[in-house]
Structure formats: C-alpha cells, structure tokens
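The primary structure of each chain is shown beneath.
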Amino acid sequence: MSALDGLLSWLLTLALHATVLLSLAWGLQRLGALRHPGWRELAWRGALFGALLSSVLATAAPALPTMGGWGGTQEAPAASLAPATDKRPDPRQALRATLPGESGLPRVLVPRESTAPNSAPRPSETSFPPAPWRLPGPTAALLVLAWVLGGAPVALRLLRQAWSLMRWTRRQPGTVPRPGSRLPALAADLGQALELKQLPRLRLLEGLASPMLLPGRRLLLPAWVDELSPAQQRALLAHELAHLQRHDPAWRLAQRLAVLPLYFHPLAWLALRRLEALAEDACDERAAALCGSGRPLAECLAACLARGKAPQTITPTLAVAMAAEPGPVVRRVRNLLEETPMPRPIPASLRRTAVAVGLAAALALPGLAITSVANPAHAEGLFSGLFTGTSVTNSNGRDHYLHRNGRTGERQELTLRGDIQFTAAEDDVTRMANDAEFELSVKRDGVERSLRILPAQGGMTRDYRVDGRKQAFDAQARAWLATALPDVLRESGFKAEERARRILAQGGLEALFTEIDRIRGDHSRGRYLQILFSQAPLDDAGFARALELAGKIGSDHALRRVLEAGFGNMGLTDAAQTQLLGLASKIGSDYEQSQLLIALVEKQSIQGDLLIAWREVLAGIGSDYEQRKVLSALLARSEPESTRMALESAQSVGSDYEARKILEQAVPMARDDAGARDAWFALLAGVGSDYEQRQALGALIAGGAVDASLAGAVLDSLEEIGSDHETTQVLRVLAAVMPADPELIARYRAVARRLSDHERGQAERALDRFAVAGVDQSGT
C-alpha cells in the first residue's frame, strides 16, 4: 500500500468511525440515556478520541505482519524445527488477534506468497480477503488534495490561536495581588479542598473581562476582582481551580487537535462545543457545591458580561476563560440561579469499565482499504470512479440526460434537441426537424456504443460507433437501439407528459402503473407519478397503488414532491390520507417531512381517526425545530381536536424553547377549550426550564380576562417551577389581573409562603390592590 493509499484509507476509516461513534453519542443524549453530565462528557470525548484511535489501528493492522520481520509466511530456519506436538502460542499471532484485520472484520489483507516450497499454507493465507476499494489514481489524489486544502485554513487558524496563547504565556502580563488581598488565602483554602498538588500563580490584569487559565498554572484575574465580595471571590476562584483539577486546559487543546483531521464533519464540531460547554457546567457545579450556593458565581458571570460590553483585552481562544462568549454565559447564570442539585460523581471503576467497553466497540468497527489504480480501464476521467448518479438538464431547448455508475462503469447519455418523432414501440427515430439533434451513448460491460442521428436531405444520417470505431448500422445495431432507446427515454424523463398520455390512451391506468414500476431512477419515477396524479382521477385503490410505487423512491426530496402532487389537486379520503401519512413517516429528512406535513395541513381536513395517524408521523420527526413548524401549522387551524393533538404531540419536543413557542401559540385555544387547556398545562409541566415556563404562563395570563378557574390552574402549575425568582414574576403578573376572590387569594399566599423572604415580600406586595379594594386577604 502506497503512502497515498494509506492516507486515504485512514481518512475514510476515520470518517466512518467518527460518524458511527459520534452519532451514537448524539443519539444516546437525544434519547435521554445520558442524563448525568459526567456520562455525556465521557460519551462525547470517548467518541471523538476513540474514532482517532480505532481508525489508526484499523489502518495500521494490515501492515503489522510485515514489520520487524514478523512475516507470517517467512521460511522458518532449520534450527527452529520442532515436533508436531509443540503447541506453544505464537506471541505474534496473539498480538495480531487483538487488532482489527484477522478478527473477522472486513480488512484488505493480501498475504504474501510463502517462500518455503514445502510449507503448509496457514488458514489466513488460504482465506479469501475482502475485495479492496479500487479508485483511479487521479481520483484518490484529488480526494486527499481536497482534504488538505480544506483543512489548511482550519490548521492555520489553530496555529494562530496557539501562537497567541504562547505570546500571552511568555509576556507574563499582570501584577500580583496587593498586600492584604483575600485572594491568596481563598485560593489556598480551595486548593486544599480540591486536593490540588500545586496552586496556580495569581495575576491581576487591567482591561481583562473574564478570568482565564494559561499554561504553566497561571491564573489571570481581572483587576476588578478585588471589588467583589468574599463569597463572589471564592466562587470565582473555585470555578477556575476546578478547571485546573480537571486538567481542562490540556483537554481543550487536545480536543481541538482531535477535531482538526475531522474538520469536514459537523458532528466533530458539535462534540467540541458540547465538551467545552460540559467543562464549564461541571466547574460551575463544583464551585456552587464548594460555596453552598450558585448565586455568588452567577453574580460573577453577570459582572463579566457587564464588563465585557466595554472595550477589553482580547482573550486567547485556547485559554480557558470563564465567560468568553455571552450566549452560553446567560444559560449558565440561569442554571446557577435555579439551584439545580449537583449529581453524584461517577465512580472511577465504572468510568474505567465504560472506557474499556467503548474502546472494544470502537475497535470492532470495520476499516476501509483503498487501492489506487492507473489502469486506463479504471481511469476514464478524473471523476469517473467518484461520480455516481443522474443529471438531467435543459438549455436552449437542448435536453441532456446523463446517468453514471462509478462502481460498475456503466453510463447512459442521451441528448435531444428540436422536434423528434419515434416509432410507436420507441425502438427507432422516424422523423426529425431540420434543427433537431439526437445522440445516444451507452457503456455497459466495458463496451461503449453510440449513435448520432442528424437530419439530411431527404432523410437522416446515422453515425454508429462501438468503442469509438465507426460501424455499419446493421441488424445488430438496430437490435441494440430497440433495447437501449426505450430504457433511456424511460429513465431520462424526456417527453414524459407525451409518453404518459399515450400510455394512458393505449393501455389505461394499469399500463401507466406498469411503466412507472419499470423506472429505476428517482427523478424520472417522481416525474411520471406527478403526471399520473395530475392526469388521471384515482380512487382509493389506485391511490394506494401509486403510493406503493412512490415508496420505492430513495430521494426524500423527490418523494416529498410526489406526495405533494398526490393531494395538491384533490381532496383525500380518510383512508387515502392515512396511507399517505404512513409513507410520509418513512421520509428520513426532517425538513422534507415537515414541509410535506405543513402542505398537507393547509389543504386537507384533519379530524376523527386521522388524528391517530398524525400522532404517529409527528412522533417520528427528530428535529424539535421542524416538529414545532408542523405543530404551528396545526395550531393555526384553530380547531379544538387538532389543537389538543398538537399539544399532546409536543410533549416529545426536547427543546424547552420550542415547547414554549408552541404553548404561546396555543394560548387562544387553551382559553376557549377545556380539553386544550388540560393539554396545555400537561405540556407546560414537561418543560424543564423555569424561565421558559414563566414566559409561557405570562403569555397565557396576558391573553385576555383571567377568571378564577384559569388563575387556579396557573397557581397549581407553579408547583413545577423551582426558581423563586421566576415564581415571583408569575405571581406578580397574576395578581394584577386575577379576580378578587378570597379563596383564590389564600391559594396565592400559600404559593408565596414557599419562597425566600425577599421574593415572598415582592409577591405579597402585588396583592396590595385587593387591600385598597377592601377584599379580605387573610385567607381565613
């Protein structure tokens, strides 16, 4: 294997392993299997670094037998001959058994032929290894070049970031804390609590918006830290020392280096963002535990945000800064104020077991081996082995169809221009206009045949070639054209409307169904189905047959367009719509699925038993955003049944923000319909964010008059809000509009008694309007 082949094999293996492992981590988190932040961090980190390790081992395994004289087929020296009863284990085979390659995985291991004439072949030598992936040399080189050129800007940016961090470290900016400062004593106390072997050197720096750790155990603090209270200083130092305890500066650099070869992979960048966010969350939780509350650290983060609005010193990207980006800081402040209980640490033995199991799973993944070839049979063009697919274009009345299969080498190409007429069987051209053009080329089984027909005086001229050599257009050529032309016309979709009408007129609906069933390509099959829906009236049985044919379309976009045509011009019965929804649930793209369902909501009725089918298809949308768009379209119908179904389906939405947007849109129906109100509050109870719950309740209260029943439901829902601040905000808004009912006021006071003294005072003062009105607020 050449260096080029080895590098490309590793890149493709890395892409495969990273996709599998990172998708697994993403899926486990989406399914709620990684609720503990420690497990989330271990899963993302294990997936990122595990893909690198397993891909290196999978690519290097075939080379192990040839390294260091380990050739399994080398001739044994005479002195090593032993009786047949010698069963001592071979350490080389034991090592190879632990690596991918001979453990039943698809590896390209082509054993060398034995040089010993009488030596018996080993099992590995007589087995049939998997066939290697063969790519033309230019294509392999192009893939590697594209990876290098695409990664060069990412690598340069990382180098600039590393250089900036080194400059900061060498400059040694800042000054030591002033005499009498509490910072050194607090750092020493926290270092003992965290069992740090060595404390960082503290430096204060003017113009710094956020604390940050630098290599060499140096902790830079903004000069305004001396203005903070002792509790806030302790929280700030606890957060930064927790980073040091976790070795986050080293992990931050290692993670960015691990993402570098995977710069093209979106899940790798997602893993990087998740890991950096999880590191900040873990240090926030550790600081809150050491300080007894998250509020001091939240106040420090808020101070960092306030100071960051003014021109400040630029923070190096690779430095571990406490509040480098405003967006995540707001989320962290909210989490700290909600006083979320800190999860118990994962036992070290359990972590080691999980790492071992994960590593074993990663090593079990198959690898890919690339062999580049320079044979002209494989090197027809630079992209010949890379391109597989179909293209259909129209330019200035010239239709061009090209289908190429890079793995088999097959190709079909048809060019039509002008008025061309074919025989009824579509096995030949009968007439061409003066400006018409016809050219057909088919390559199959390594043989390329082409035919070009042009109008001429009194007829047509035919130029028939086989592998580029001109041949007579004889009976064999006519037989080839009679087979190839109908197939290419069918697959290209050229003159589809004309052909579909002719087939309907000659053989009816069943003939058109048969013709569509012969089409292999998604583009042409979808086009004929769209023509079918627009030309022929279908009953439920015919519609079901059309959906069966549409189900063979692999492209989500093409399938969506076909299904939209299916209900675009006619009203569907409940049975037909149920069948369509069943097929819509098989669309893999959340975007295409949501676009289809939104169009269906706008053009078809939704009631009765259809709601069951709608619930099933909505449950299959993985994207919270796309699911919310569909639910929003359902809510826009302002129908009680569809509103209740939308709110019930929204309970599967994982994003608290998207759930809140649904709740806000459903406010009018929740006020008018009792069933919709129950579903509204059930969805609200599943929202994890106290802030989003408060926003939704605020919209509900502001949506109109508030009677005693609605006010009581709001008060009951406050049991789900853990934040005293958010609860108080809801109570104050409610107190301004709720009816002057003594029993309701008593329930209000019961909720307020659970709050802290400060928040309770604010909630109680909101009731002053009832005291002015002379309403008894005693609750007795």
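Residues numbered from 1 in each chain as written. Predicted model: local features only at pLDDT ≥ 70, side-chain atom pairs only at ≥ 80, totals over all residues. Heavy atoms only, no water.

A closer look at the side chain of S642
Among the secondary structure elements, S642 is positioned in helix α22 (residues 640-649). Sequence-distant contacts of S642, defined by excluding residues within four places in its chain, comprise L611, L634 and R637. (Helix = DSSP H or I, 4+ residues; strand = E, 2+ residues; numbered from the N terminus. Contact = heavy atoms within 4.5 Å.)

Description of empty space enclosed by the protein
Any empty space left between the atoms is revealed when a probe the size of a water molecule rolls over them. Per the counting criterion, the structure on display carries three cavities of 30 Å³ or more. In this structure, the largest cavity spans a volume of roughly 80 Å³. Along the walls of the largest cavity sit 12 residues, with D248, R252, Q255, E276 and A279 positioned nearest its centre. Secondary-structure elements contributing two or more residues to the lining of the largest cavity are α8 (248-259) and α9 (266-291). In the lining of the largest cavity, the residues fall into four nonpolar, two polar and six charged. (1 Å grid on protein atoms, 1.4 Å probe; cavity = no way out; pocket = protein on both sides within 12 Å on 5 of 7 lines; lining within 4 Å. Points joined across faces, edges and corners; volume = space filled by probe spheres on them. Nonpolar A, V, L, I, M, F, W, Y, C, P; charged D, E, K, R; others polar.)

Digging into the packing of helix α21 (residues 624-635) against α22
Axis separation between α21 and α22 bottoms out at 8 Å; the angle between their running directions is 160°. The angle between α21 and α22 falls in the class roughly antiparallel. In this structure, α21 crosses over α22, and the sense of that crossing is left-handed. On α22, the residues touching Q627, L631, L634 and L635 of α21 are S642, T643, M645, A646 and S649. A breakdown of the residues in the contact of α21 with α22 according to their chemical character gives five nonpolar, four polar and no charged. (Axes fitted to C-alpha atoms, helices over the stretch in contact; angles between N-to-C directions. Parallel < 35°, antiparallel > 145°, perpendicular 65-115°, else oblique. Left-handed = near helix turned anticlockwise from the far one by under 90°.)

Things to note about the confidence of the model for the protein
Of all residues in the protein, 81% have pLDDT values of 70 or greater, and the mean over the chain is 79. Mean pLDDT in the protein bottoms out at helix α4 (residues 123-126), which sits at 37, and peaks at helix α26 (residues 690-702), which reaches 93. Across residues 373-386 the pLDDT falls below 50, and counting only partners more than four positions away or on other chains, this stretch makes 27 contacts in the model. (pLDDT = per-residue confidence, 0-100.)

Here's the deal with the layout of surface pockets
Reported here for the second largest pocket is a volume of approximately 1,400 Å³. Surrounding the second largest pocket, 46 residues form its lining, G38, E41, L42, A43 and R351 being those nearest its centre. Here the lining of the second largest pocket takes 12 residues from helix α2 (residues 37-60), the largest share from any one element. In terms of residue class, the lining of the second largest pocket is built from 29 nonpolar, seven polar and 10 charged.

A word on the packing of aromatic side chains
For the coordinates displayed, the defined rule picks out seven aromatic pairs. With a centroid separation of 6.3 Å and 65° between ring planes, the pair formed by F422 and F438 is classed as edge-to-face. Note that F422 is positioned in strand β10 (residues 420-422) and F438 in strand β12 (residues 437-444), a separation of 16 residues in sequence. Neither residue differs from the other here; F422 and F438 are each classed as buried. Seen from their ring centres, W680 and F681 are 5.1 Å apart, and the 75° between their planes marks the pair as edge-to-face. Considered together, W680 and F681 belong to a single accessibility category, that of buried residues. Members of the aromatic cluster, connected to one another through ring pairs, are Y464, F473 and W480. (Phe/Tyr/Trp six-rings, centres within 6.5 Å; stacked < 30°, edge-to-face > 60°. Buried < 20%, exposed > 50% of the residue type's maximum accessible area, 1.4 Å probe, protein only.)

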